[in-house]
Amino acid sequence: MAFGFGESYGLLLGARFLQGVAGAACWASGMAWLLAEAPPERRGELIGTALGVAIAGALGGPILGALADASSPALVFSAVAAITAALAAQVLRTPPPPSVPGTNGLRRALTTPRVLAGAWLTTLPALFFGTTTVLTSLRFDVLGAGAAAVAAVFLVAAAAEAALSPIVGRFSDRRGRRLPIVFGVSAVLAACVLVPLAEAEVWLLAVAVVAALALGGVMWAPAMALISDGSARAGVPQGLAFGIVNLAWAGGQVAGSVGGSAAAEATSDAVPYAILGVLAAVSLVLLVGSAGRRAAPATRPG
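A. Up close: the overall build of the protein. Looking only at helices and strands, the protein has twelve helices and zero strands in total. The N-to-C order of helical and strand elements in the protein reads α-α-α-α-α-α-α-α-α-α-α-α. Here the C-alpha atoms of the protein give a radius of gyration of 21 Å, agreeing with the 19 Å that 2.2 N^0.38 yields for 302 residues. Taken over 302 residues, the protein has a buried fraction of 37%. Sequence-distant contacts, at least 24 apart, represent 83% of the contacts inside the protein between residues at least 6 apart. A total of about 16000 Å² of accessible surface is found on the protein, and carbon and sulfur atoms cover 72% of it.

Right, here's the structure in full:
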């Protein structure tokens, strides 16, 4: 309501701060609730669906802003407030999942290999996304692309990622987490080579960015499901599991955006992509190597 009727900078700034806190609370508690209720055999699908809906919601934000600008901010934000109140009322009427006492805590989670692997495989694409969105936006500007064209590129990439997430999540439930994760790491590795090479032309860079972000994003759902799987086996509550997901995701985004841009400014765009490529290559080798060790038959002495 403050965004619809507020006219002072202080009020709007305070409302934006509260919105950020509320969004973090809704995202963390909602996903923890989802993971607590999800059957183990459908975790990937439901996480992928939630990610797709979240991306679609993010894409809808600018549309609401355009509607508010074209009509009335008071009208549009009042409608959003009414929908939010209806959702809150529905949540209050819905019985929460039974609470599971955490007997192992954060220390147990962070000593579980499956959780650590999932955390890193959530951080890696976040590093790549944070670096790529900053550097390619600046490169588009250098190449003379307008704001609308740049926005369209990232809109198409996000829409493709939103469409793929539920499909990849469902696939990971049926065929295992490893295969889509290997595909995603391979896509990040290829993108670290191809995106810098495509920086000479706007259309080449646009195609490379859409493909890189859409295909690199297939890692989100299976990697997050891997954290959930490992936490469940270790007896760690799903709320804590999603806290690890949030930390890995947000930390990677911030480190990629800040670190990638700083490295590029000090050297060139190729350097942060080279660093990310090495990280992706090492991750791929470890993934393939661990799969080979599991597949190798045990030999008996003598």
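B. Representation of the packing of helix α6 (residues 113-142) against helix α9 (residues 202-216) in the model. One way to put it is that α6 packs onto α9 with a least axis distance of 11 Å and a crossing angle of 165 degrees. In terms of their interaxial angle, α6 and α9 are classed as roughly antiparallel. In this structure, α6 crosses over α9, and the sense of that crossing is left-handed. Residue-level inspection shows Pro-125, Phe-128, Phe-129, Thr-132, Thr-133, Thr-136, Arg-139 and Phe-140 of α6 in contact with α9, the latter providing Val-202, Leu-205, Ala-206, Val-209, Ala-212, Leu-213 and Gly-216. Residues belonging to the contact of α6 with α9 are distributed by class as follows: ten nonpolar, four polar and one charged.

C. Representation of the environment of Leu-64 in the model. Structurally, the position occupied by Leu-64 is in helix α3 (residues 43-70). On the accessibility criterion, Leu-64 (35% relative accessible area) is partly exposed. With 16 residues separating them in the primary sequence, Leu-64 and Val-80 have C-alpha atoms 9.2 Å apart. Apart from the residues within four sequence positions on either side, Leu-64 is in contact with Val-76 and Val-80.

D. Examining a nonpolar patch on the surface more closely. Together, Trp-120, Val-271, Ile-275 and Leu-279 make up a nonpolar patch on the protein surface, roughly 300 Å² of accessible area in all. If you tally residues by element for the nonpolar patch, the top one is helix α12 (residues 270-295), at three residues. Tracing the chain through its elements places Val-271 in helix α12.

E. Seen up close, the packing of aromatic side chains. Here the structure, examined in full by the defined rule, presents five aromatic pairs. Ring geometry for Phe-128 versus Phe-129: centroids 6.2 Å apart, planes at 70 degrees, classification edge-to-face. Across the pair, exposure class does not vary: Phe-128 and Phe-129 are buried alike. Put simply, the rings of Trp-27, Phe-128, Phe-129, Trp-220, Phe-242 and Trp-249 touch in pairs and so form one group of aromatic residues.

F. Spotlight on the pattern of salt bridges. Overall, the coordinates contain seven salt bridges when judged by the stated rule. Where Arg-42 meets Glu-45, a salt bridge forms, and the shortest distance between an N and an O atom there is 3.3 Å. Classification of Arg-42 by relative accessible area gives partly exposed; the value is 35%. On the accessibility criterion, Glu-45 (17% relative accessible area) is buried. With a closest N to O distance of 3.6 Å, Arg-170 and Glu-45 form a salt bridge. Taken together, the residues Arg-170 in helix α7 (residues 147-175) and Glu-45 in helix α3 connect sequence positions 125 residues apart. Each of Arg-43, Asp-173, Arg-177 and Asp-229 takes part in salt bridges that share partners, so that together they form one network.

About the cut-offs
Residues numbered from 1 in each chain as written. Predicted model: local features only at pLDDT ≥ 70, side-chain atom pairs only at ≥ 80, totals over all residues. Heavy atoms only, no water. Helix = DSSP H or I, 4+ residues; strand = E, 2+ residues; numbered from the N terminus. Rg over C-alpha atoms; globule rule 2.2 N^0.38 Å. Buried < 20%, exposed > 50% of the residue type's maximum accessible area, 1.4 Å probe, protein only. Contact = heavy atoms within 4.5 Å. Areas by Shrake-Rupley, 256 points an atom, 1.4 Å probe, with all protein chains shown as cover. Axes fitted to C-alpha atoms, helices over the stretch in contact; angles between N-to-C directions. Parallel < 35°, antiparallel > 145°, perpendicular 65-115°, else oblique. Left-handed = near helix turned anticlockwise from the far one by under 90°. Nonpolar A, V, L, I, M, F, W, Y, C, P; charged D, E, K, R; others polar. Patch = residues over 30% accessible without salt bridge, like charges linked within 9 Å, V, L, I, M, F, W, Y side chains within 5 Å. Salt bridge = Lys/Arg side-chain N within 4 Å of Asp/Glu carboxyl O. Phe/Tyr/Trp six-rings, centres within 6.5 Å; stacked < 30°, edge-to-face > 60°.

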